[in-house]
Every structure is written in C-alpha cells, then in structure tokens.
Amino acid sequence: MEGEIDHRSTRRDFTHGELHRHELDSNPFQQLATWLAAAKDAGNFDATAMVLATADASGHPDARYVLLKHFDEQGLCWYSDQRSQKGQELAVNPNAALVFYWPENDRQVRISGPVEPLDTAAAESYFQQRPSRSRYSAAASIQSQVIASRADLEARVAELQQRYPQDNVPRNPAWGGYRLIPERFEFWQGRRDRLHDRFVYRRSDDPSQPWLIERLMP
C-alpha cells in the first residue's frame, strides 16, 4: 500500500430516533428483546450477529462475530468449538464483552460479564437442531487450526459423510455452548450532531431494584 488512506471526511448524521429514560424498560433483558425485534422489523438480515471480545491470560484482546442463539435472565448464549481461539481464551480468562450494532436504527448495545460453558445437554440439543451440512462441517473442523488446503477440509467432510451416511454424525465433545452473564448493559441511540443518547444498566444490591440505570454523556 502506498500512502495513507484517508477517511476523515467520511461521515453521516444519525437521524433514526431518540432515547429517553422514561422509555427504558426496568429490565435490560426485556429492553434488549425489544431492540432486537425492532432491528429485525427494520430489515436487518443478521440482527442476532454480535461481536464477541475476549482476551488471553496476558490481556491481549481479540474479537470476532458470533450469532446469539438464545437468551433469558440468566444470560446470552452462543455455540462454538471450545478448541478455537476464543475457546482457549475463555478457558484462561472467562470474561467477555458483546456488541450489537443495528445501523438501520442507529442503535448499539454493549454487554459485559463473566462467561460460563453450557451443559452437555444444551450443546447436544442445539447441535441436533442444526442443518445436516452444518453438523458435518462442525464435526470435520478443528476450529482455528491450520489446514493445508480447502480440498483437505472438504475431504474431512466427505470422510464423515461416508462414515455416517444416515445423517447421524455425532457432536464432537469439544463443540459446545457458552453463556455470558451480564453485569453491565449499555444502550446507545445515535443522535444528530453526535449528541447521542446513552444509558447504562448496572447490577444493584437492592432486590426491589435489581438494575441501576444511569445516563452517560456521549
């Protein structure tokens, strides 16, 4: 590459909405559900895509997109190969952050907290719900490991299809699920002139008000 690529003049204004304290649900999980549904209604074709940020034992960060598969008031869940880079990082540093961004609504949600593995029954249940080809792909891949060629990867899939021709490829025990248990949510609504609306939810010790809600400056 020759010279600097300059995007300092690349910008747009945020005009899709406002966010006020009285509009927020007292429960951040319900607020997330409401915004997730609104993103789908606005035409976002991948509304459950979320950035998962992790760090290794030395604090070196990494991030990638994963897909939210289900959530409740226990936490937000996704599935992956535990031998992957994210799996190795979560094994030594079980804390993470998630980010959703829905440009159709000028909205962002940030969530952080500790991460725990889901039990085997949950992993098996979701694995069996996946399309057949996705199950063979998951079983054939040791995620994040080096492989010589695409042909070698496809050969691993073909070998499993031969070995398990009745669509009964087993789940590798290393393929499983994770749950992030939120300690903090932030809901961000883009506004004109970069004077954005931001509200943070933090866990409270008061059982009558389990989440403290505060406005942040943009």
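- Looking at an unreviewed UniProt entry, one finds the protein named Pyridoxine/pyridoxamine 5'-phosphate oxidase, with Acidithiobacillus concretivorus as its source organism.
- The Subunit (unreviewed entry) comment attached to the protein in UniProt states, word for word, "Homodimer."
- Per UniProt, the comment on the protein under Function (unreviewed entry) is "Catalyzes the oxidation of either pyridoxine 5'-phosphate (PNP) or pyridoxamine 5'-phosphate (PMP) into pyridoxal 5'-phosphate (PLP)."

### Re the packing of aromatic side chains
For step 1, the next point in the chain: Inspection of the entire model under this criterion finds 14 aromatic pairs.
For step 2, the next point in the chain: Ring centres of Phe 127 and Trp 175 lie 5.3 Å apart, and the angle between their planes is 65 degrees; on these two criteria the pair is classed as edge-to-face. With Phe 127 in helix α3 (residues 120–129) and Trp 175 in strand β7 (residues 175–180), this residue pair connects regions lying 48 residues apart in the sequence. Here the two residues Phe 127 and Trp 175 agree in accessibility, since each one is buried.
For step 3, the next point in the chain: An angle of 5 degrees between the planes, with centres 6.1 Å apart, marks the rings of Phe 185 and Phe 187 as stacked. Note on accessibility: Phe 185 and Phe 187 belong to one class, buried.
For step 4, the next point in the chain: One aromatic cluster is present, built from ring pairs that chain together Phe 29, Trp 35, Phe 185, Phe 187, Tyr 201 and Trp 211.

### Considering the pattern of salt bridges
For step 1, the next point in the chain: Here the structure, examined in full by the defined rule, presents 18 salt bridges.
For step 2, the next point in the chain: A salt bridge links Glu 18 to Arg 191, with the nearest nitrogen and oxygen atoms 3.6 Å apart. Pair noted here: Glu 18 is in the segment before α1 (28–41) and Arg 191 is in the loop between β8 (184–189) and β9 (197–203), with a separation of 173 residues, a long-range link.
For step 3, the next point in the chain: Accessibility expressed as a relative area gives 43% for Glu 18, which makes it partly exposed.
For step 4, the next point in the chain: Residue Arg 135 is joined to Asp 167 by a salt bridge in which the shortest nitrogen-to-oxygen separation is 3.3 Å. On the criterion of sequence distance, the pair formed by Arg 135 in helix α4 (residues 132–140) and Asp 167 in the loop between α5 (150–163) and β7 is long-range, its members being 32 residues apart.

### A word on α4
For step 1, the next point in the chain: Of all the positions in α4, only Arg 135, Tyr 136, Ala 138, Ala 139 and Ala 140 are classed as buried.
For step 2, the next point in the chain: As for α4, its buried residues are in contact with α3, α5 and β7.

### Focus: the side chain of Arg 179
For step 1, the next point in the chain: Note that Arg 179 resides in strand β7.
For step 2, the next point in the chain: Accessibility expressed as a relative area gives 14% for Arg 179, which makes it buried.
For step 3, the next point in the chain: Within the structure, Arg 179 has its side chain in polar contact with the side chain of Glu 116 (distance 2.6 Å).
For step 4, the next point in the chain: Each residue touching Arg 179, except ones within four places of it in the same chain, is listed here: Gln 74, Gly 75, Leu 76, Cys 77, Trp 78, Pro 114, Val 115, Glu 116 and Leu 118.

### So, the packing of α4 against α5
For step 1, the next point in the chain: As a packed pair, α4 and α5 sit with axes 9 Å apart at the nearest point and diverge in direction by 115 degrees. Taken as axis vectors, α4 and α5 run roughly perpendicular relative to one another. For α4 against α5, the interelement crossing comes out right-handed. Touching Tyr 136, Ser 137, Ala 139 and Ala 140 of α4 are Arg 156, Val 157, Leu 160 and Gln 161, all from α5.
For step 2, the next point in the chain: Residues that form the contact of α4 with α5 fall into these classes: 5 nonpolar, 2 polar and 1 charged.

### Points about the UniProt feature "binding site: substrate" (unreviewed entry) in the protein
For step 1, the next point in the chain: Feature annotation in UniProt places "binding site: substrate" (unreviewed entry) on Lys 69, Tyr 126, Arg 130, Ser 134, Arg 194, Leu 195 and His 196, given in this structure's numbering. Spanning 128 residues, the annotated positions stay apart in the fold, the maximum distance between their C-alpha atoms being 43.5 Å.
For step 2, the next point in the chain: Topologically, Ser 134 is positioned in helix α4.
For step 3, the next point in the chain: Classification of Ser 134 by relative accessible area gives partly exposed; the value is 26%.
For step 4, the next point in the chain: Using a relative accessible area of 61% as the deciding quantity, one classes Leu 195 as exposed.

### Focus on α1
For step 1, the next point in the chain: Given a rise of 1.5 Å per residue, 14 residues ought to cover 20 Å, and the 20 Å separating the end C-alpha atoms of α1 matches this to within 8%.
For step 2, the next point in the chain: With a side-chain oxygen positioned 2.8 Å from the backbone nitrogen of Phe 29, the residue opening α1 is Asn 27.
For step 3, the next point in the chain: Downstream of α1 by a residue or two, Gly 43 has a phi angle that is positive, lying close to 100 degrees.

Definitions and limits used
- Note that residues are indexed from 1 along each chain, following the sequence as it is written.
- Two thresholds apply to this predicted model, a pLDDT of at least 70 for residue-level local features and 80 or more for giving and counting side-chain atom pairs, whereas whole-chain, interface and lining totals are computed over all residues.
- No hydrogens and no water enter the side-chain calculation; it runs on all heavy atoms of the structure.
- UniProt positions are given in the numbering used here, feature names are shortened, and annotations may be inferred rather than shown by experiment.
- Ring pairs shown here join Phe, Tyr and Trp side chains whose ring centres sit within 6.5 Å, with only the six-membered ring taken for Trp; geometry is labelled stacked below 30 degrees between planes, edge-to-face above 60, and tilted in between.
- Strands here mean DSSP runs of E at least two residues long; helices mean DSSP runs of H or I at least four residues long; both are numbered from the N terminus.
- Think of it in three bands: residues with accessible area under 20% of the maximum for their type are buried, residues over 50% are exposed, and the middle band is partly exposed, with areas taken using a 1.4 Å probe on protein chains only.
- Think of a salt bridge as a Lys or Arg side-chain nitrogen and an Asp or Glu carboxyl oxygen that are within 4 Å of each other.
- Two residues qualify as a contact provided that any one of their heavy atoms is within 4.5 Å of a heavy atom in the partner residue.
- Counting of polar contacts relies on pairs of N or O atoms within 3.5 Å, with two restrictions inside protein: one atom must be capable of donating a hydrogen and the other of accepting it, and residues adjacent in sequence are counted only when both atoms are side-chain atoms.
- Every axis corresponds to a line fitted to the C-alpha atoms, with the helix fit spanning only the stretch in contact, and the corresponding angles, defined between N-to-C directions, vary from 0 to 180 degrees.
- Geometric relationships in this document are graded by angle, where less than 35 degrees denotes roughly parallel, more than 145 denotes roughly antiparallel, 65 to 115 denotes roughly perpendicular, and other angles denote oblique.
- Helix crossings get a hand from a simple test, with the near helix turned counterclockwise from the far one by less than a right angle marking a left-handed crossing and a clockwise turn marking a right-handed one.
- Classification used: nonpolar for Ala, Val, Leu, Ile, Met, Phe, Trp, Tyr, Cys and Pro, charged for Asp, Glu, Lys and Arg, polar for all others including Gly.
- One less than the number of residues in a helix, times 1.5 Å, gives the span that helix is expected to have.

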